[in-house]
Amino acid sequence: MENSTIFSGEFNFHSTNKDLMFQYNLDTKTAIVLINRPKQLNALNRDLIESLSNFLNQLEKNKKIRSIIISGVGNKSFVAGADIKEFKKFNKEESLHLSSLGKEQLFNKITHFSKPVIAAINGYALGGGLELALACHIRVASENAKLGLPECSLGLIPGYSGTQKLPQIISKNIAMEMILTSKIIDAQKSLQLGLVNYTVPLNELSTKALEIASLCNAISPESARAAIKAINSCYSQNGEEIETEEFSKLFETSNFKEGVSAFLEKRQPNFN
Ligand code: CAA
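Conventions we followed
- Residues numbered from 1 in each chain as written.
- Predicted model: local features only at pLDDT ≥ 70, side-chain atom pairs only at ≥ 80, totals over all residues.
- Heavy atoms only, no water.
- Buried < 20%, exposed > 50% of the residue type's maximum accessible area, 1.4 Å probe, protein only.
- Helix = DSSP H or I, 4+ residues; strand = E, 2+ residues; numbered from the N terminus.
- Arc of directions from axis to C-beta.
- Contact = heavy atoms within 4.5 Å.
- 1 Å grid on protein atoms, 1.4 Å probe; cavity = no way out; pocket = protein on both sides within 12 Å on 5 of 7 lines; lining within 4 Å.
- Points joined across faces, edges and corners; volume = space filled by probe spheres on them.
- Nonpolar A, V, L, I, M, F, W, Y, C, P; charged D, E, K, R; others polar.
- Domains from an automatic or database assignment.
- Phe/Tyr/Trp six-rings, centres within 6.5 Å; stacked < 30°, edge-to-face > 60°.
- Lys NZ or Arg CZ within 6 Å of the ring centre and 35° of its normal.
- Pairing = 2+ DSSP bridges.
- Buried area = accessible area lost by both parts, 1.4 Å probe.
- Salt bridge = Lys/Arg side-chain N within 4 Å of Asp/Glu carboxyl O.
- Polar contact = N/O pair within 3.5 Å; in protein donor to acceptor, adjacent residues only side chain to side chain.

K.L.:
Provide a residue-level description of helix α6 (residues 172-181), including the pertinent values.
P.N.:
For α6, the set of buried residues is Ala175, Met178 and Ile179. Buried residues of α6, viewed axially, fall in a sector of 90 degrees; they line one side. Those residues of α6 that are exposed and aimed more than 90 degrees away from the buried face are Asn173 and Leu180. Against β9 (146-148), α5 (162-169) and β10 (185-186) lie the buried residues of α6.

K.L.:
Quick one: what's the story with the layout of surface pockets, residue by residue and with numbers?
P.N.:
The volume enclosed by the largest pocket comes to roughly 660 Å³. Counting only elements with at least two residues in the lining of the largest pocket, the list comes to α3 (92-111), α4 (128-135), β8 (138-142), α5 and α9 (221-232). The greatest single-element share of the lining of the largest pocket, amounting to five residues, is contributed by α9. Split into classes, the residues belonging to the lining of the largest pocket amount to 14 nonpolar, eight polar and two charged. Split by domain, the lining of the largest pocket shows at least three residues from each of two domains, domain 1 (14-217) and domain 2 (221-264). Roughly 460 Å³ of volume is contained in the second largest pocket. Lining of the second largest pocket is provided by 22 residues; of these, Phe87, Glu151, Leu156, Ile157 and Gly159 occupy positions nearest its centre. Counting only elements with at least two residues in the lining of the second largest pocket, the list comes to α2 (84-87), α3 and α4. When residues of the lining of the second largest pocket are assigned to their parent elements, the largest contribution, three residues, is made by α3.

K.L.:
Could you give me a rundown of the packing of aromatic side chains, with the residues and numbers involved?
P.N.:
The description of two aromatic rings rests on the distance between their centres and on the angle between their planes. Summed over all chains, the structure comprises five aromatic pairs. Between phenylalanine 107 and tyrosine 160, the ring centres sit 4.2 Å apart and the planes meet at 15 degrees, which makes this aromatic pair stacked. With phenylalanine 107 in helix α3 and tyrosine 160 in the loop between β9 and α5, this pair connects stretches of sequence that are 53 residues apart. For phenylalanine 107, a relative accessible area of 0% translates into the label buried. Its relative accessible area of 6% is what places tyrosine 160 among the buried residues. With 5.0 Å between their ring centres and 70 degrees between their planes, phenylalanine 247 and phenylalanine 251 make a pair best called edge-to-face. The exposure class of phenylalanine 251 is partly exposed, given its relative accessible area of 40%. Among the aromatic residues, those joined into a cluster by ring pairs are Phe22, Tyr24 and Phe55. Here the guanidinium or amino end of lysine 208 rests over the ring plane of tyrosine 198, the centre of that ring lying 4.1 Å away.

K.L.:
Would you mind going over the sheet that holds strand β7 (residues 124-126) in detail, with residue names and values included?
P.N.:
Pairing is mixed in the open sheet, where four strands are placed in the order β5-β7-β9-β10. Two strands lie at the open edges of the sheet, namely β5 (77-79) and β10, each paired on one side alone.

K.L.:
Would you mind going over the domain arrangement of the protein chain in detail, with residue names and values included?
P.N.:
Taken domain by domain, the protein chain holds domain 1 (14-217) and domain 2 (221-264). Here the C-alpha centre of domain 2 lies 26 Å away from the C-alpha centre of domain 1. With nine residues of domain 1 at the interface, the matching set in domain 2 holds six residues. When domain 1 packs against domain 2, the two sides together hide about 580 Å² of surface, and 66% of this comes from carbon and sulfur. Of all residues in domain 1, Arg66, Ser114 and Gln168 give up the largest surface area on contact with domain 2, accounting jointly for 57% of the area buried on that side. For the pair domain 1 and domain 2, the number of links is zero salt bridges. On inspection of domain 1 and its partner domain 2, the count reaches two residue pairs in polar contact (both at pLDDT 80 or more). Residues of the side of domain 1 that touches domain 2, tallied by class, amount to two nonpolar, five polar and two charged.

This is the structure we're talking about:
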């Protein structure tokens, strides 16, 4: 089961990195991207971060793709963190580079991606793996998932925005406890805390993630982009202005006209 995927259908390997697999079906408008290092519990190394970053750039440009699902190969792990073997001998400069480049290339890119990104958490989401899930816009976890930021137990702290995002998504109080105790929590507790949106049995994870994606695919793509931008500004001082600006810009889109016409004509909108 190590190499199996929870998603059905054929997957392609990324052209330059076999540790990344993808599938997209232009009918469903969703791209599924899988981290493929099951023997290392899908730990993220620098090559993977770079390939995933480049692949996301392509998906962002492809107008037929409306949403992305990120998951891991196998039934044990989403991503068990940054690759500890890779950074074990890093010095201060190298680790500074690892954290800042990782954020720039991948984690911030996902947070600010113009299309909804859904994490389908199929097992361990630890350290950089939970930070990857936290960067996604919506999280759904299988019942066997285990989530945590155990970096302090390695003599580190989270380096891919975990100290910033976890307190925003759950609470500062619980984030403090999770990070300071390196505690790993199960899917049920994650749901209770609001860390994930849903938990489902492992064999229903792909269906649930695709169902969420299909709802996201039905909205106007400009609304998706604007909503992500405005919601991401909710903790910044100019969040209200950003919301107003994004709201008003949408009045100039053909999809706004289509949405309103469809409502008045009592039919489903056909956004493009
Ligand atoms: N990096 C590199 N390799 C990893 C890894 C990681 N984060 N997590 C697991 N692996 C490797 C293991 O070394 C092992 O490889 P070998 O067979 O070559 O020894 C293989 O994956 C299987 O792992 P285990 O034998 O440990 O599996 P297990 O079922 O006994 O334990 C686990 C599972 C509890 C997830 C355990 O692997 C673990 O604790 N992993 C590390 C989790 C962690 O600390 N993550 C944070 C990383 S630091 C980080 O992410 C920094 C940051 O914010 C930037």
